[in-house]
Amino acid sequence: MRQHYDVIVLGVGGVGSAALYHLAVRGLRVLGLEQFSIGHNRGSSHGETRAIRKAYFEHPSYVPLLERAYANWRELERQSQSTESLLVEQGILEIGPADGMLVQGVLQASRQHQLALEQVSEGEFAERFPGFVLPADSVALYEPAGGYLHVERCVQTYAELAVQHGAQLVTGQPVTSWQLHSQGVLISTGEMEYSADRLVVTAGAWASELLRDLEVPLQVLRKHLHWYQVDPGAYAQSSGSPVFFYERPQGCYYGFPSLPGDVGTAPKATSKSFSSKPPAAISAQPACIKVAEHTGGEVLHDPAQVSDALEPEEVGRVERFLSECLPDVKLRSLAHAVCMYTMSPDGHFIIDRHPLSEAVVFAAGLSGHGFKFASVLGEVLADLATTGQTALPIDFLGLARFQK
Ligand SMILES: Cc1cc2nc3c(=O)[nH]c(=O)nc-3n(C[C@H](O)[C@H](O)[C@H](O)COP(=O)(O)OP(=O)(O)OC[C@H]3O[C@@H](n4cnc5c(N)ncnc54)[C@H](O)[C@@H]3O)c2cc1C
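Asker: Tell me what's going on with the side chain of Gln-173, and back it up with residues and numbers.
Answerer: If you trace the backbone, Gln-173 turns up in the loop between β9 (168-171) and β10 (177-181). A distance of 2.7 Å separates polar atoms of two side chains, one belonging to Gln-173 and the other to Thr-189.

Here is the structure:
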């Protein structure tokens with residue numbers, strides 16, 4: 001007999017794990033369906049860390065959502081009762097031309113929302129941020145509330161707590177189709193059929209096919225993460241080195257201080273069972289930083305076929321950036337990982353109810369900057385799935401902007 005749920009969450013990655021949790025704590029009968037394992041490294045939510053910041057250069061309208069996201073991450077830490085933090089407010093250093101999109105956007109968001117932000121003078125820069133270069137004609141801004149999230153642990157923790165609150169989780173079963181049905185929504189995995197009053201689609205790079213009726217093109221990009229060796233202490237977490245983001249003429253680059261004992265990501269996860277253990281880190285490595293190019297990326301037509309090969313031109317761009325802006329980094333790669341951005345046409349998220357039925361809600365096109373919001377987007381989706389609306393300010397992220 002087919003099992004019926006109040007809500008099914010399709011895709012239990014960054015946003016889906018948070019949605020599953022927010023639905024489960026409301027006492028709903030909820031099922032999460034994930035094609036791989038929880039915390040796997042074949043989608044968009046792996047690679048050790050994700051940056052989080054409030055003075056949002058992408059658009060000031062995200063700031064109220066970020067305030068809520070920070071509160072929700074802290075609440076998750078409290079609920080998990082773990083001694084290890086998920087969110088580390090180590091500060092973020094943002095550097096770019098005075099009239100560039102980064103500096104102008106950060107200043108605008110911080111003014112509009114009265115966020116703490118420091119402009120670092122040339123005189124104090126070298127002493128405060130050893131190892132970093134402030135290029136000529138660039139401005140340095142420091143946001144103390146910036147920092148990073150332990151990405152796999154966030155996903156694992158949300159999924160684990162959702163299960164503790166009664167959610168069911170099925171991994172290793174790709175959903176092959178969903179359709180509207182007299183009982184709400186019928187979902188098929190090939191092996192099984194499930195039905196639910198409501199469906200939440202959080203499929204990341206796989207959203208195009210599952211949400212084709214939206215008629216909004218989503219472009220998947222293959223992106224790289226690199227871990228490079230540094231001298232012990234330089235840029236390392238213990239020295240208080242911040243997360244950094246540079247806007248340069250050749251593109252945007254960002255990175256993270258090394259985390260003790262962690263370099264790189266786990267081997268590909270294929271287990272069908274739900275494991276409460278975070279993916280194993282490659283340990284006993286020398287001190288390192290993680291660095292990546294935010295711009296660029298190779299278009300992928302099938303996310304399932306993503307290759308983990310290095311792209312020599314991209315490596316060249318990253319190493320040129322390091323030579324110019326973080327010259328103490330040894331150009332000796334310790335590890336490399338591949339991940340996917342799912343770009344919406346305007347680079348902003350798409351969060352809404354499905355145009356064919358209010359029984360289906362979704363988050364898609366997170367455009368390479370969505371993880372920090374997972375904790376609030378999970379709440380938004382739980383609101384939309386259960387009441388059809390949310391008090392959180394998401395109107396600017398709706399489908400209507402593509403239907404003018
Ligand atoms: C290299 C890189 C660096 C990034 N840096 C940052 C950063 O610093 N800060 C930040 O905020 N964001 C960052 N992002 C973006 C952020 O990580 C993503 O926006 C976010 O993780 C996307 O979450 P998601 O839930 O949409 O996708 P995912 O976490 O990939 O989840 C989607 C899930 O759906 C599952 N799924 C898909 N189809 C099916 C199906 N048919 N059946 C069952 N399951 C299915 C997938 O297996 C997957 O687990 C970065 C992204 C990358 C790639």
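From this point on, the discussion continues.
Asker: Got a sec to walk through the pairing of strand β8 (residues 147-150)? Specific residues and values, please.
Answerer: Of the strand pairs in this sheet, strand β3 (residues 49-52) and β8 are connected by 4 bridges, and their pairing is antiparallel. Across the sheet, the residue bridging to Arg-50 is Leu-149, located in β8. Relative to β8, strand β4 (residues 87-88) runs antiparallel, the two being bridged by 2 bridges. Considered in β8, the bridge of Leu-87 is made with Leu-149.

Asker: Quick rundown of the packing of helix α1 (residues 14-24) against helix α5 (residues 151-164)? Include the residues and the values.
Answerer: At a minimum axis distance of 8 Å, the contact between α1 and α5 shows a crossing angle of 25°. The orientation of α1 with respect to α5, classified from their angle, is roughly parallel. Crossing of α1 over α5 shows left-handed handedness. Contacts between α1 and α5 involve Gly-14, Ser-17, Ala-18, Leu-20, Tyr-21, His-22 and Ala-24 from the former and Val-155, Tyr-158, Ala-159, Leu-161 and Ala-162 from the latter. Class assignment of the residues belonging to the contact of α1 with α5 gives a composition of 9 nonpolar, 3 polar and no charged.

Asker: Describe the domain arrangement of the protein, and please don't skip the residues or the numbers.
Answerer: For the protein, the domain assignment lists domain 1 (3-45 + 152-216 + 346-402) and domain 2 (90-144 + 219-343). On a C-alpha basis, the centroid separation for the pair domain 1 and domain 2 is 28 Å.

Asker: Provide a residue-level description of the site of the ligand, including the pertinent values.
Answerer: In the vicinity of the ligand, 34 residues are found, and the nearest of them are Glu-34, His-40, Ser-45, Ala-51 and Cys-339. Backbone polar atom of Val-175 to a nitrogen atom of the ligand: 2.8 Å apart, as the coordinates give it. Take His-369: an N or O atom from its main chain is 3.3 Å from an oxygen atom of the ligand. When the ligand is considered free in solution it has 1000 Å² of accessible area, and contact with the protein chains removes 96% of it. No other element matches the 3 residues that strand β18 (residues 333-343) contributes to the shell around the ligand. For the shell around the ligand, the per-class residue count stands at 17 nonpolar, 14 polar and 3 charged.

Asker: Tell me about unusual backbone geometry, and please be specific about residues and values.
Answerer: Here Gln-81, not a glycine, exhibits a phi torsion of approximately 55°, which is positive. Its location among the elements puts Gln-81 in the loop between α2 (63-80) and β4. Classification of Gln-81 by relative accessible area gives exposed; the value is 72%. Its identity is not glycine, yet Ser-367 carries a phi of approximately 55°, on the positive side.

Conventions and cut-offs
Residues numbered from 1 in each chain as written. Predicted model: local features only at pLDDT ≥ 70, side-chain atom pairs only at ≥ 80, totals over all residues. Heavy atoms only, no water. Helix = DSSP H or I, 4+ residues; strand = E, 2+ residues; numbered from the N terminus. Polar contact = N/O pair within 3.5 Å; in protein donor to acceptor, adjacent residues only side chain to side chain. Pairing = 2+ DSSP bridges. Axes fitted to C-alpha atoms, helices over the stretch in contact; angles between N-to-C directions. Parallel < 35°, antiparallel > 145°, perpendicular 65-115°, else oblique. Left-handed = near helix turned anticlockwise from the far one by under 90°. Contact = heavy atoms within 4.5 Å. Nonpolar A, V, L, I, M, F, W, Y, C, P; charged D, E, K, R; others polar. Domains from an automatic or database assignment. Near = heavy atom within 4 Å. Areas by Shrake-Rupley, 256 points an atom, 1.4 Å probe, with all protein chains shown as cover. Buried < 20%, exposed > 50% of the residue type's maximum accessible area, 1.4 Å probe, protein only.

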